[in-house]
Amino acid sequence: MLLEALTLQLGYNATLVTVGAMLLGIAAGATGTFLFLGKRALVSDAISHATLPGVALAFMLMVAFGGDGRSLLGLLLGSAVTSAIGLLCVSALTHRTRLSEDAAIGAVLSVFFGFGIVLLTVIQSMNAGRQAGLESFLLGSTAGMLWNDAVVIALGGTLVLLAVLILRRPMTTVAFDPEFAAGAGMNVRRIELAMMGLAMAITVVGLKIVGLILIVALLIIPAVAARFWSHRVGHVVLLAGAFGGAAGYVGAAISATAPALPTGPIIVLVAFAIFLMSLLIAPARGVLAAMLRHRHFQAQVHVRQGLLALATDQPIYERLTLRLMKRRGLVRADGVATETGQAQAARALLDERRWQVLRSDPAHAEAAAHYDGLTPLDTVLTPDQLKALDQGLGPRATT
C-alpha cells in the first residue's frame, strides 16, 4: 500500500496531498536555509505562532458576512495579516528597544499564541459557521483537501521558491556578514524583512498540511541536514529543498496509508529521519566520518611515536602501537624493526629534528603554522626550504 502511495496510485485526494506536501517541503527547505545560516531559526517560531489569531479572526469575519468561515484562502489571508504584524513587532522590539532578539521573539510568540487560543475558545461558543475542526490548523489536517486547496498551496509554494531564487544573493550576503552587506550599499533591514517575509509566506501556506506549530521544523530541519553535506550556500539550498520535498512526499504518502495518523507530524518525523541519516553518514561532517578521521589520526600518532622509539633504540610497550606497526610491516613479530621500519624511523627522527628548527625559526613561521607534526616535511616544504633547515641541523643530524 505504501508503494501505491509513493507512486501516486492511492486515489485523488492522496495524490493531491502528496504533491502539495512535496512542493511545500521544497519551498520550506530552500527558504529556511537563509534563516538557519543567519542564526534566525527562532524567528520562524514567532511567525508561525502569530498566525493563530489571524485564522480565528478571519473565521469570525467571514461568518459575520454570512459565510461558513471555512474558506482556506480567507483563513490564509487572515493568518498572513497577523503573522506580518507579529514579524513587524519582532523587528521593532529588536531595533527600537534594548531587548535582544530572542526576548522579542519570546514575547511576540507567547502573546499572539495566547490571543489566538482565547479567540478559538470564543469561536467554540458561536452558533454560526462551521467551527468544528478549526483547531486542526495547530497540527495540520489534510482530510478532505480539495483541488482548490491544493492549488493555493502549490501556487504559494512556487511563488515563494521563485522569490528565494531571485533574492538568494543578497540574502546570502546578509545571512553571513550583515556589516559587509551594509558597506556594499545593501539595505540590510529590508533584506532581513524579506527573508522573514518569505518564512511567513511558507508558514501561511503550510498551515493546512503541517500546522502552525510544526511548520518550524519543515523550515529548519532540512537546512540543518543539508549543512552536513556541503559548505557551499548554493548546494545547501538545493539539498535543503530536496530534503524538504522528500520529507513532504514520503510523510504524506505514509500518512495516506494510515489515515488515523496526522500528516504534519509524520512529515516532521521523516524530516528528522533525514537529519539523523545526514548526522551519521555525511562524508565531511557526519559522525561516522569524524570517527574515521579520529581513528586515522590516532593511528598516525601511534605509528609516529613508534618510529621515533625505534630511531632512538627505545622499547615499545603500547600494544596498539605494536599492532599497527606489525600490520604496516615496520616491525617483526618479536618487535625488532624491519628494513622498512628502520628507514622510516630514520626519516621520522630527521623530520622531528627539522620540526624543532622550524618552530624556533621566525623565517619559517608560516610553514610551521600549517604543519601538523605528522606529515612528512618533504611533502610540505620545498627542497630549498628543507636544505635551509638541514643546514641548521648540522652534518650529524642529516646522516
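Naming follows an unreviewed UniProt entry, where the protein chain appears as Metal ABC transporter permease of Roseovarius phycicola. The Subcellular location (unreviewed entry) comment attached to the protein chain in UniProt states, word for word, "Cell membrane". Taken from UniProt, the Sequence similarities (unreviewed entry) comment for the protein chain reads in full: "Belongs to the ABC-3 integral membrane protein family."

What follows is about the overall build of the protein chain. Looking only at helices and strands, one finds 17 helices and 0 strands in the protein chain. Considering the protein chain as a whole, with its 399 residues, one finds that 46% of them fall into the buried category. Sequence-distant contacts, at least 24 apart, represent 69% of the contacts inside the protein chain between residues at least 6 apart. A total of about 20200 Å² of accessible surface is found on the protein chain, and carbon and sulfur atoms cover 64% of it.

Attention now moves to the side chain of threonine 338. Within the element layout of this structure, threonine 338 appears in the loop between helix H14 (319-327) and helix H15 (339-360). Within the structure, the side chain of threonine 338 is placed 2.7 Å from the backbone oxygen of glycine 329, a separation counted as a polar contact. Threonine 338 has contacts with Gly329, Leu330, Val331 and Arg332, leaving out every residue within four places of it along the chain.

A few words now on a nonpolar patch on the surface. Taken together, Trp229, Phe272, Leu276, Met277, Leu280, Ile281, Val287, Leu288 and Met291 make up a surface patch of nonpolar side chains, about 760 Å² in accessible area. Listing elements by their share of the nonpolar patch, those giving two or more residues are helix H12 (263-281) and helix H13 (287-311). The biggest single contributor to the nonpolar patch is H12, with 5 residues. Here leucine 276 falls in the partly exposed class, since its relative accessible area comes to 37%.

Each value, and the rule that gives it
- Within any chain, residue numbers begin from 1 and follow the written order of that chain's sequence.
- Thresholds applied to this predicted model are a pLDDT of at least 70 for local features of residues and 80 or more for the giving and counting of side-chain atom pairs; totals over whole chains, interfaces and linings are not thresholded and use all residues.
- Excluding hydrogens and water, the side-chain values take into account all heavy atoms of the structure.
- UniProt positions are given in the numbering used here, feature names are shortened, and annotations may be inferred rather than shown by experiment.
- Helix and strand labels come from DSSP, where a helix needs a run of H or I of at least four residues and a strand needs a run of E of at least two; each type is numbered from the N terminus.
- Per-residue accessibility, obtained with a 1.4 Å probe over protein chains only, is compared with the maximum for each type, and a residue is labelled buried under 20%, exposed over 50%, and partly exposed between these values.
- In this analysis, two residues are considered to be in contact whenever any of their non-hydrogen atoms come within 4.5 Å of each other.
- All accessibility values rest on the Shrake-Rupley procedure with a 1.4 Å probe; residue burial counts only the protein chains present in the view.
- N or O atoms within 3.5 Å of each other form a polar contact, as long as, within protein, one can give a hydrogen and the other can take it, and as long as residues adjacent in sequence are counted only when both atoms are side-chain atoms.
- Within the patch definition used here, like charges are joined within 9 Å and nonpolar side chains (Val, Leu, Ile, Met, Phe, Trp, Tyr) within 5 Å, considering only residues with over 30% relative accessible area and no salt bridge.
- A pair is scored as a salt bridge if a Lys or Arg side-chain nitrogen falls within 4 Å of a carboxyl oxygen belonging to Asp or Glu.

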